[in-house]
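Each chain is listed here by its residues.
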Amino acid sequence: MSSISLRLPDSLHEQARKLAKKENVSINQLITLAVAEKVSALMTEDYLEERAKLGNRKKFERAMAKVAKIEPEKFDRLPS
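This report concerns the structure included in the present document.

### What about the overall build of the protein chain?
Working step 1: Along the backbone of the protein chain there are 3 helices and 0 strands.
Working step 2: Compactness check: the protein chain gives a C-alpha radius of gyration of 23 Å against a globular reference of 12 Å for 80 residues, more than 25% above the reference.
Working step 3: Referenced to the eigenvectors of the C-alpha coordinate spread, the extents of the protein chain come out at roughly 55 × 35 × 20 Å.
Working step 4: Out of the 80 residues in the protein chain, the part that is buried amounts to 4%.
Working step 5: Only carbon and sulfur atoms are counted for the fraction: they give 57% of the accessible area of the protein chain, which is about 8,300 Å².
Working step 6: When the 16 basic and 12 acidic side-chain charges of the protein chain are each reduced to a single mean position, those positions are 4 Å apart.

### Let's talk about the environment of Ala20
Working step 1: Secondary-structure assignment places Ala20 in helix 1 (residues 10-23).
Working step 2: Assessed through its relative accessible area of 3%, Ala20 is described here as buried.
Working step 3: Spatially, the C-alpha atom of Ala20 lies 8.8 Å from that of Ile31, the residues being 11 residues apart in sequence.
Working step 4: In this view, Ala20 contacts Val25, Ser26, Ile27 and Leu30; residues no more than four positions away in its chain are not counted.

### Considerations on the pattern of salt bridges
Working step 1: Evaluated as defined, the whole model comprises 3 salt bridges.
Working step 2: In this structure, the salt-bridge partner of Glu14 is Arg17, at a minimum N-O distance of 2.7 Å. On the criterion of helical spacing, the pair formed by Glu14 and Arg17 is a turn pair, its members being 3 residues apart in helix 1.
Working step 3: When its relative accessible area of 42% is taken as the criterion, Arg17 is described as partly exposed.
Working step 4: For Glu61, the salt bridge goes to Arg57, with nearest N and O atoms at 3.0 Å. With Glu61 and Arg57 both in helix 3 (residues 57-65) and 4 residues apart, this pair spans about one turn of that helix.

### Structural notes on a positive patch on the surface
Working step 1: Taken together, the side chains of Lys58, Lys59, Arg62 and Lys66 present a region of like positive charge at the surface.
Working step 2: Within the element layout of this structure, Lys59 appears in helix 3.

### Comments concerning the layout of surface pockets
Working step 1: For the largest pocket, the calculated volume is near 300 Å³.
Working step 2: Forming the walls of the largest pocket are Met1, Ser2, Ser3, Ile4, Leu6, Ile27, Asn28, Ile31, Thr32, Val35 and Ala36.
Working step 3: For the lining of the largest pocket, the residue count by class is 7 nonpolar, 4 polar and no charged.
Working step 4: Approximately 180 Å³ is the volume attributed to the second largest pocket.
Working step 5: Residue lining of the second largest pocket: Leu6, Leu8, Leu12, Gln15, Ala16, Leu19, Leu30, Ile31, Ala34 and Val35, and that is the complete set.
Working step 6: Broken down by secondary-structure element, the contributors of at least two residues to the lining of the second largest pocket are helix 1 and helix 2 (27-53).

Calculation rules
Residues numbered from 1 in each chain as written. Predicted model: local features only at pLDDT ≥ 70, side-chain atom pairs only at ≥ 80, totals over all residues. Heavy atoms only, no water. Helix = DSSP H or I, 4+ residues; strand = E, 2+ residues; numbered from the N terminus. Rg over C-alpha atoms; globule rule 2.2 N^0.38 Å. Buried < 20%, exposed > 50% of the residue type's maximum accessible area, 1.4 Å probe, protein only. Areas by Shrake-Rupley, 256 points an atom, 1.4 Å probe, with all protein chains shown as cover. Lys, Arg positive; Asp, Glu negative; His and termini not counted. Charge placed at Lys NZ, Arg CZ, Asp CG, Glu CD. Contact = heavy atoms within 4.5 Å. Salt bridge = Lys/Arg side-chain N within 4 Å of Asp/Glu carboxyl O. Patch = residues over 30% accessible without salt bridge, like charges linked within 9 Å, V, L, I, M, F, W, Y side chains within 5 Å. 1 Å grid on protein atoms, 1.4 Å probe; cavity = no way out; pocket = protein on both sides within 12 Å on 5 of 7 lines; lining within 4 Å. Points joined across faces, edges and corners; volume = space filled by probe spheres on them. Nonpolar A, V, L, I, M, F, W, Y, C, P; charged D, E, K, R; others polar.

Next up, the structure:
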């Protein structure tokens, strides 16, 4: 495990301290979780961008043409 020295603005440090107390975790755990969530989000974005490059519009349109053209059930409709 690595250690880092982190400089935070006082206001951010205070908010982090309050949230950590509210969540009943250490400030270290809170910051570790926050960094993990951000890293995960960025890695997911990169992954989806790479997957999107593999897409093929014609194949997509062929697949969509196979979908039945029926009205969705009432509970499954988008609000208007």
